[in-house]
Amino acid sequence: MPERTPADGRGTPGGAEVAAGAEGLPMGDLGRRLALRRAQIGLTRRDTAARARIAPSYLRYLEEDPMAAPATGVLMKLAEVLGTTVVDLTGGSADTPPGTGRAAAHPAFTELGERECRELLSTHGVGRLAVSTFSGPLVVPVNYSVIDRAIVFRTGPHTTPWQALGSRVAFEVDRIDDAFSQGWSVLVRGRARGVTDPDAVRGLEKRAYTAPWAGGERPVWVRIEPIAITGRRLTVPSAGGVPGR
């Protein structure tokens, strides 16, 4: 299963471009979203431009000029190439709760195989951890990485995720596309264990591609070895009768 590299994007196709923009170029919100999404799915700027049928120099302009304002048609094509939506690229969904759209007329519901589930897990960095705590079951979001086919994340002592240590847990990742009333979800069940070996901890620190957004001291590494992985995808037939993505 492909694994992503650290959050600065180095080492991935197009990652150097993402890192350059983050460190020195005056990238706008659209530019950051374009570059990050390319890095997430492993596309270079040249490949993305070719698939969207635009010049690489124009895509560079969109990513690096904070005042760039492309036409709606260009945004739609880029969203299609990058497997996302115009609303997501432009940040329109940042403060909008998912799932408020109407159901499609003829949705197609499919079960995902383990290989596809693992691939989808490796493209994300935020998931929901379900754990039995001292006060009852809770679900909390955590920033995670996939390393050596396991889910790993950092937390602090006596936090809710910390209470998962030594227990069987569930971990869920999903993506919802309100514009088309479709999406997917992946559910992992396994046992959460603490990582205490100094060499193993150093290895995780080097390879993890996310960090806790909450910040602060979170020295406890937790590793979830999957026992079962299942997934589902809801798609909507296109006008031609072929299920959409």
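What you see is a predicted model, and the numbers here were worked out from it, not measured in a lab. (Residues numbered from 1 in each chain as written. Predicted model: local features only at pLDDT ≥ 70, side-chain atom pairs only at ≥ 80, totals over all residues. Heavy atoms only, no water.)

**Focus on helix α3 (residues 45-52)**
So, step 1. For α3, every residue scored as buried is listed here: Arg45, Thr48, Ala49 and Ala52. Along the axis of α3, the buried residues cluster in a sector spanning 95°; they form a single face. Within α3, the exposed residues directed more than 90 degrees away from the buried face are Arg46, Ala50 and Arg51.
So, step 2. Looking one or two places after α3, you find Arg53, whose phi comes out positive at around 60°. (Buried < 20%, exposed > 50% of the residue type's maximum accessible area, 1.4 Å probe, protein only. Helix = DSSP H or I, 4+ residues; strand = E, 2+ residues; numbered from the N terminus. Arc of directions from axis to C-beta.)

**Notes on the environment of Arg128**
So, step 1. If you trace the backbone, Arg128 turns up in strand β2 (residues 126-133).
So, step 2. Taking the C-alpha atoms as reference, Arg128 lies 9.9 Å from Leu138; in sequence the two are 10 residues apart.
So, step 3. With near-sequence residues (within four places) excluded, Arg128 lies in contact with Val139, Val140, Pro141, Ala170, Phe171, Glu172 and Asp174.
So, step 4. Of the polar contacts made by the side chain of Arg128, one reaches the side chain of Asp174; its length is 2.4 Å. (Contact = heavy atoms within 4.5 Å. Polar contact = N/O pair within 3.5 Å; in protein donor to acceptor, adjacent residues only side chain to side chain.)

**A few points about the side chain of Asn143**
So, step 1. Along the polypeptide, Asn143 turns up in strand β3 (residues 136-143).
So, step 2. Those residues within four positions of Asn143 in sequence are excluded, and the remaining contacts are Gly125, Val126, Val152, Phe153, Thr210, Ala211, Pro212 and Trp213.

**Remarks on the nonpolar core**
So, step 1. Of all hydrophobic cores here, the largest spans 25 residues; its most connected members are Leu129, Tyr144, Phe171, Val186 and Ile224.
So, step 2. Residue assignment for this core shows that the elements contributing at least two residues are α7 (114-122), β2, β3, β5 (150-155), β6 (168-177), β7 (182-195) and β8 (220-235).
So, step 3. Beyond its immediate sequence surroundings of up to four residues, Phe171 is in contact with Gly127, Arg128, Leu129, Val142, Tyr144, Ile151, Val186, Leu187, Val188 and Ile224. (Core = buried A, V, L, I, M, F, W, Y, C linked by side-chain atoms within 4.5 Å.)

**Looking at the pattern of salt bridges**
So, step 1. Using the criterion set out here, one finds 15 salt bridges in the structure.
So, step 2. Several salt bridges share partner residues, and in doing so they unite Arg38, Arg45, Arg60, Glu63 and Glu64 into one network. (Salt bridge = Lys/Arg side-chain N within 4 Å of Asp/Glu carboxyl O.)

**Some points on the packing of aromatic side chains**
So, step 1. Counted according to the given criterion, the structure contains two aromatic pairs.
So, step 2. The interplanar angle of 80° and the centroid separation of 5.0 Å between the aromatic rings of Tyr144 and Phe171 together place this pair among those described as edge-to-face. Within this pair, whereas Tyr144 is found in the loop between β3 and β4 (145-147), its partner Phe171 is found in strand β6, the two being separated by 27 residues in sequence. Judged on exposure class, the residue Tyr144 and its partner Phe171 are both buried. (Phe/Tyr/Trp six-rings, centres within 6.5 Å; stacked < 30°, edge-to-face > 60°.)

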